[in-house]
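# Coordinate analysis (summary)
Chain by chain, the residues run as shown.
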Amino acid sequence: MAWVLASTLWPRSAGDAGNRRRFEAEGPQVPRLSAPCFLPALRAIAGEASPIDGGVIADDGSLRVVHGECLSAVELDGTVRWTRAVRELVAAIVVPVVEADDESECYARLDEEALAAEEAPRLVRSLPTALAGGHTLLGVTRGAVIVDARGELVAQVAQELMDDSGPSPCVTGSGVPVLSTIAEGVFAWEDAGLRRLGSFGYDVVPPAVYRDDSLAIAGYAGKGFCRVTLGGELVWGTELAEADLLPSINSSQHAAVGSRNDRCSMLFGAAGDPLGVHPCAAVFAEYPDGGWVAVSDCAVARIDSSATKIWWAEIATTLRWGVLGPIVDPGGMIYVQDGESLVALDPNGTAKFSVWLGKSVGPVFPAGPGRFAVVADGVLRFIG
């Protein structure tokens, strides 16, 4: 079965399959924060770091929000339609088990008692990906799951050491989810199960998808930044050996990717030719003129397609490996999270407004034309 992306304004945490972070509607124009919309909550395990919270737009216009240990369907008035406990979804994953006296694989369903016997392993879960038909894809501890429009589990796959950086899993144009891992490689989730595309490094963040379904992979401490076919063949590699931030592909099929260890970012053409170097490790959004907005820990920059600086604004941010990054609307307005606030910059880099969001803040995400949303301090708020 093909699991294609929902045709909405924001089906993934980085926008579309190319991680372009382009919002094809006007963003918020005023610094107005709604009253809190309360979400169901499950008690977190003591001492466990809380995974980052956030959401996407489903194909019926409602939101899919992951918060704490829950995944919820939320209406645009804040009403919660349904909620699923992520640990229950993890418990439903069928994982291969090799018996000590037999090398053949058998399968065992991990129920809640089995999970409890393992002293409740650390919860790993991604931000959601909205799929056509109201389905939602989530990377979780031990693999990935897909739930339907009612929150019922309809597909699951087992894979240890799933990527725990947080961004939404990517999906190709032909409807194949692609799952990255900490150390086991990158996998295509097909009807027959997972197919390993290869080992590209470790701590691999979700790839970006080219128009032909090939992948831009940040192969940290492995193959470096590279382009790979969905069959696993290397199209080209680059000199950026330690690329580790979320890659982006724009409408011209040019790629941008940052490297914390190299303390820089690079732009590449569709054939892998280097187009320019940006002097900061950054997360990118495609700008309407074909250039880029680059957000690093200390600044926001607007650059052209060869990485030449147009302007630079010193704004402190936290990237979280690409979970946080800029959002750009068709008018060239740029929205960036500055610590606990959302800052709106005009095309010249001038701040138009700033709105304080809270102390424990997930990534801001579009909720519809003129409106963003955020999970802050455990509640959902709308902006605009």
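For the structure, see preceding data.
Residues numbered from 1 in each chain as written. Predicted model: local features only at pLDDT ≥ 70, side-chain atom pairs only at ≥ 80, totals over all residues. Heavy atoms only, no water.

Taken as a whole and judged by the stated rule, the model has 16 salt bridges. With its nearest N and O atoms 2.9 Å apart, the salt bridge here joins E75 to R81. Here R195 and E190 are joined by a salt bridge, their closest N and O atoms 2.8 Å apart. Owing to a relative accessible area of 28%, R195 belongs among the partly exposed residues under this scheme. (Salt bridge = Lys/Arg side-chain N within 4 Å of Asp/Glu carboxyl O. Buried < 20%, exposed > 50% of the residue type's maximum accessible area, 1.4 Å probe, protein only.)

With that out of the way, let us pick up the environment of D377. Of note, D377 is situated in the loop between β33 (371-376) and β34 (379-383). For D377, a relative accessible area of 43% gives the class partly exposed. If sequence neighbours within four positions are ignored, D377 has contacts with G358, K359 and S360. (Helix = DSSP H or I, 4+ residues; strand = E, 2+ residues; numbered from the N terminus. Contact = heavy atoms within 4.5 Å.)

So, on to the nonpolar core. Grouped together as the largest cluster of nonpolar side chains are 28 residues, with contacts concentrated most on L63, Y335, L342, F372, L380 and I383. Where this core is concerned, the elements lending two or more residues are β3 (63-67), β30 (341-345), β31 (351-356), β32 (365-368), β33 and β34. For this core, the element with the highest residue contribution is β33, accounting for five residues. The residues touching L380, leaving out its near neighbours within four places in the chain, are A35, P36, C37, L39, V74, F365, A373, V374 and V375. Judged by nonpolar contacts, the second largest core, of 27 residues, contains A155, V157, L179 and L230. (Core = buried A, V, L, I, M, F, W, Y, C linked by side-chain atoms within 4.5 Å.)

Another point: the pairing of strand β13 (residues 177-180). Because side chains alternate across β13, one face comprises the buried residues P177 and L179, and the other comprises V178 and S180, equally buried. Pairing geometry for strand β12 (residues 170-171) and β13, over two bridges, is antiparallel. Counterpart to V171 in the pairing with β13 is P177. Linking two consecutive strands that pair antiparallel, namely β12 and β13, is a turn of five residues; a positive phi of about 90° is found at G175 within it. (Pairing = 2+ DSSP bridges.)

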